[in-house]
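Summary of structural features
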Amino acid sequence: MFFLNKHTLKTLSPTLMHKDRFISHLTRSTLVRIFFASILYWCIGAAHALTAEQVKAMAIGDTESRVQALAKAAAEPDEKIAAFIQALADDAVKTAGAQVLVVQGSRAINPVTGAEVPLPADAEDVINNNLMRGELDNVLAALALFSKDEKRRRQAIKTLAGDNDEARLPLIEKAYAAETVPALKSQLELLRAAILLGSGDQAKRLQAAGLLAASGDPSTKTVLLERLKSEADPQVKAALQSSLRSVEATLAWGDKLAAVFSGLSLGSILLLVALGLAITYGLMGVINMAHGELMMIGAYATYVVQGVFQKFLPGLFDWYLLAAVPVAFMAAALMGAALERGIIRFLYGRPLETLLATWGISLMLQQLVRSIFGAQNVGVENPVWMSGGVQVLGNVSLPYNRLVIIGFAIAVLLGMAWLISRTRLGLFVRGVTQNRPIASCMGVNTARVDTYAFALGSGIAGLAGCALSQVGNVGPDLGQGYIVDSFMVVVLGGVGQLAGTVYAALGLGILNKFLEGWTGAVLAKIAVLVLIIIFIQKRPQGIFAMKGRSAEA
Amino acid sequence: MNHPSNPPNSLTPYQSVELPSRAPLLSRTGWSFFMLALIAVCAVAPLLNLWLPQDSPYHMSTYAVALLGKIMCYAICALAMDLIWGYTGILSLGHGLFFAIGGYVMGMYLMRQIGLDGNYKSTLPDFMVFLDWKELPWHWTFSDSFIATLFLIVLVPGLVAFVFGYFAFRSRIKGVYFSIITQALTFAAMLLFFRNETGFGGNNGFTDFKRILDLPIATPNMRMTLFVLTGLTLLGFFLFARWLVQSKFGRVLQAIRDAETRVMFSGYNPLGYKLTIWVISAVMCGVAGALYVPQVGIINPGEMSPANSIEIAIWAAVGGRATLIGPIVGAFIVNGAKSWLTVAYPEFWLYFLGMLFIAVTLFLPNGVLGLVKKWRGTK
């Protein structure tokens, strides 16, 4: 563990904390804990409830009696007790005979008086076994229920959820009375109910069973099931069973919600991938098998920007993605423009040849990336503000990075819709794709419009790659995994249709995730492919066919 | 035309159209080249490989036999691809699937031929013992019989192609749509074969074959037999394809390629033509796969990856589409370059292949053979 005193903590300025990003989450949370504990040290002085006997009882003796003393002390908490328990948990307590000392760096402090004392040479570490450690964690969590920080309180409730010790009841009731945030208050109520379930009083158990019915937490289900096994009273048993049913119903809803969310998430990624294709294939009719590799370029551009920020702007590291988005777009767009000028323009009207040539491009781009960055996957980190998630129901948590990507996909979609339908460039693109000779007669430089349109589609592929780098691996094969899916989306949605692309992407994403829950990932993918093949039989023009008369469908 | 209510003079009189008489199967030079190839495969190669001593400069190494045998299997695929793409205008990106199916059918037979010599000394193939299966799954029923295996090599790819092709062509899926869907098909099949519970050995596929028809498989004689067999199959398929494209059937195929709508307006239903050539092409690939597996000694789902299928197309394109000899030449050029480059400059191979794709589509629409014809024409 870390031995940090308030002086060293002072030097832990925010920038330094940023530098320590690569310390794992665990260590980071430890840092926070230590920080919190030393805030408590600062506050020492007001109350004097901590007695020398309590300290001794908590630090010396067999584990069982120490646990008891700990519980007793925690029932009437104040800052000093909290600080001492934190010190115990951080292995910062030493004993010398009957003397108990808190060690801070090279100094030793008497926990009762707060005075600095010389550290005896024969001081021994207090050994905490696993039982003691678990108890310390729980007590600390219970104490954290009174923290001023809402996040810490929420975390504390989560930690305590699995542990239904009746000794903690007064503490939780106290916290319940003091709690002002409604969401947390209801969670505390559930916690209280779970503890009450073990009470000897039948009325209390009944009341608790009723309260628990409102919970949507998987751990509540376990608690109910466990109680059901040992419950003798028929009335309570019935109440427990009805509660269990309602909890299960909530959980089932949660599962469905989770499937919809992960479907939306996959759909948003497919949408990003397919939006670029909707321009290059849907509008321009160019089969671009290198689309996946353009995404790969976007992802590697993100990686490069990350490296640049790490090296030159470590203080702004959290915001590297904001710079990576335009860079990824430009990198892919420039590559796309070069490809269009150099190769693809000579193949207009020959879709099968375009397919083969772009496949060749994709092979070369893959090998290029392998030569530059190596064949291994490279690591792209989530910024801090994208890690973590929102807890919606007991069993549903929405990760921030997925939420951000959904938002990003919507933004890209809107931006593209605006670009195509409202701007001059969009007008040109539509004009050229609908009737090239007439557009040309009107003075539109069709060749240039082609290049711009292709670069735009490629740039959006780069954006998709930038988004993908936040949720998946970045490697030379990144594009290969998505190319079949993305073509399916465009084919399903109908060529030349933005709306069709959107519906097809979201529909495929959600369908895939629901089938996954039912049959497993690989079979789901196969089922989706087979369904698409069958669907194309019925509607070869996709969901939203272009209206018109054409012998050549 | 000759409707009775029409006044007789307002129409040009009906004239019967003389179809040009059928061209000979091969020209005189064609036949001589064919005979040369036949002699090379059936006599020269065995002589150089088996009769000449190892240290002779003209000795054909086992490596060369294996490599050429493999490439001849690929050439059959390229020929099949040419029939469906070069002559009918349908680009399939799923021919690797039929190749792999043929290979798997053969592989199942070869796995059964291992008998009790596997690592687990069981009558079941090793991977089934590993998965703790007690009996053969239903689709292994005929894997004991060589005759049944021969039938299945033709039947299974043919059936898969027929079902898929019927639905695809009936709803008039064509062009790039068809290509992408065939790619999805082989991709889905690959995922399926990667699964252990489908009973095809998962990602490891089949390997460690011991014998074929109760004869050891790794002897020089067996290698040479398989080599000759592959060569004969290739030559046979070549003659068959030649006969096919010169027949009326073949002409309709080319008409479909050039203007499908007009063919339909002339009263032909393209469905039957496309379906027939599609199934024939698939079966040829299946046979190639079945010849490939005993020579290479392994089959796994990687053969179904979309990349493999698309490579078949490039063999045909490099040699020259719509010329039957072109794809065979193309398969030899590309795979020869591959076996050399992947050893000598492994980094460079994908660049080369990529360049090949681009260069052939941009500069050589008629492939190497078109280039040769052009040079001859200008001289």
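What counts as what
- Residues numbered from 1 in each chain as written.
- Chains lettered and ligands numbered in written order.
- Predicted model: local features only at pLDDT ≥ 70, side-chain atom pairs only at ≥ 80, totals over all residues.
- Helix = DSSP H or I, 4+ residues; strand = E, 2+ residues; numbered from the N terminus.
- Rg over C-alpha atoms; globule rule 2.2 N^0.38 Å.
- Buried ≥ 20, exposed ≤ 12 C-beta atoms within 10 Å, placed from the backbone.
- Contact = placed C-beta atoms within 7 Å.
- pLDDT = per-residue confidence, 0-100.
- Nonpolar A, V, L, I, M, F, W, Y, C, P; charged D, E, K, R; others polar.
- Expected span 1.5 Å × (residues − 1).
- Arc of directions from axis to C-beta.
- Core = buried A, V, L, I, M, F, W, Y, C linked by C-beta atoms within 7 Å.
- Pairing = 2+ DSSP bridges.

1. Focus: the overall build of chain B
- Broken down by element type, chain B carries 13 helices and four strands.
- Taken over C-alpha atoms, the radius of gyration comes to 23 Å for chain B, in line with the 21 Å a tight globule of 379 residues would show.
- Taken over the C-alpha atoms alone, chain B extends approximately 85 × 50 × 40 Å along its principal axes.
- The buried share among the 379 residues of chain B stands at 40%.
- Restricting the contact set of chain B to residue pairs at least 6 apart, pairs at least 24 apart contribute 77%.

2. As for the overall build of chain A
- In terms of helices and strands, chain A carries 23 helices and seven strands.
- Sorting the 553 residues of chain A into buried and exposed places 42% on the buried side.
- Sequence-distant contacts, at least 24 apart, represent 72% of the contacts inside chain A between residues at least 6 apart.

3. Side note on the confidence of the model for chain A
All names here are of chain A.
- This prediction gives chain A a mean pLDDT of 77; 85% of its residues lie at or above 70.
- The low-confidence segment residues 1–28 (pLDDT under 50) makes 23 contacts with residues lying over four places distant or belonging to another chain.
- Low pLDDT, under 50, characterises residues 549–553; the predicted model gives this stretch five contacts beyond four residues in sequence or across chains.

4. Regarding the interface of chain A and chain B
- Each partner contributes residues to the interface: chain A has 35 residues there, and chain B has 36 residues.
- Within the residue set of the side of chain A that touches chain B, elements represented by two or more residues are α16 (351–373), α21 (480–493) and α23 (521–538) of chain A.
- It is α16(A) that provides the largest number of residues to the side of chain A that touches chain B, a total of 14 residues.
- Considering only residue class, the side of chain A that touches chain B consists of 27 nonpolar, five polar and three charged.

5. Re α23(A)
Residues and elements named next belong to chain A.
- A rise of 1.5 Å per residue sets the reference length of α23, with its 18 residues, at 26 Å; its end C-alpha atoms lie 26 Å apart and thus fit the reference within 8%.
- For α23, the set of buried residues is K525, I526, V528, L529, I532 and I536. The buried residues of α23 occupy one face: seen down the axis, they fall within an arc of 160 degrees. Of the exposed residues in α23, the ones pointing more than 90 degrees away from its buried face are I534 and K538.

6. Side note on the nonpolar core
- I76(B), A78(B), L79(B), A313(B) and I314(B) are the most contacted members of the largest nonpolar core, which totals 199 residues.
- In this view, I76(B) contacts T233(B), L234(B), F237(B), M284(B), V287(B) and A288(B); residues no more than four positions away in its chain are not counted.
- One finds L188(A), I195(A), L240(A) and V247(A) within the second-largest nonpolar core, a separate group that totals 54 residues.

7. Observations concerning the environment of I147(B)
All names here are of chain B.
- Tracing the chain through its elements places I147 in helix α5 (residues 146–170).
- For I147, a count of 8 C-beta atoms within 10 Å corresponds to the exposed category.
- A sequence separation of 29 residues divides I147 from V176, and the C-alpha atoms of the two residues are 39 Å apart.

8. A look at the sheet that holds strand β4 (residues 116–117) of chain A
Residue and element names in this part refer to chain A.
- Reading across from one edge, β4-β3-β2-β1-β5 is the order of the five strands in this open sheet, with antiparallel pairing throughout. In this open sheet, the two edge strands, each paired with only one partner strand, are β4 and β5 (124–125).
- Pairing between strand β1 (residues 93–96) and β5: two bridges, direction antiparallel. Its bridge partner lying in β5, K94 is registered against D125.

9. Concerning unusual backbone geometry
All names here are of chain B.
- Residue D208 is not a glycine yet carries a positive backbone phi of 65 degrees.
- Tracing the backbone shows D208 in the loop between β1 (206–207) and β2 (211–212).
- Notably, D214 is not glycine yet its phi reads approximately 65 degrees, a positive angle.
- Locating D214 in the fold gives a position in the loop between β2 and β3 (215–216).

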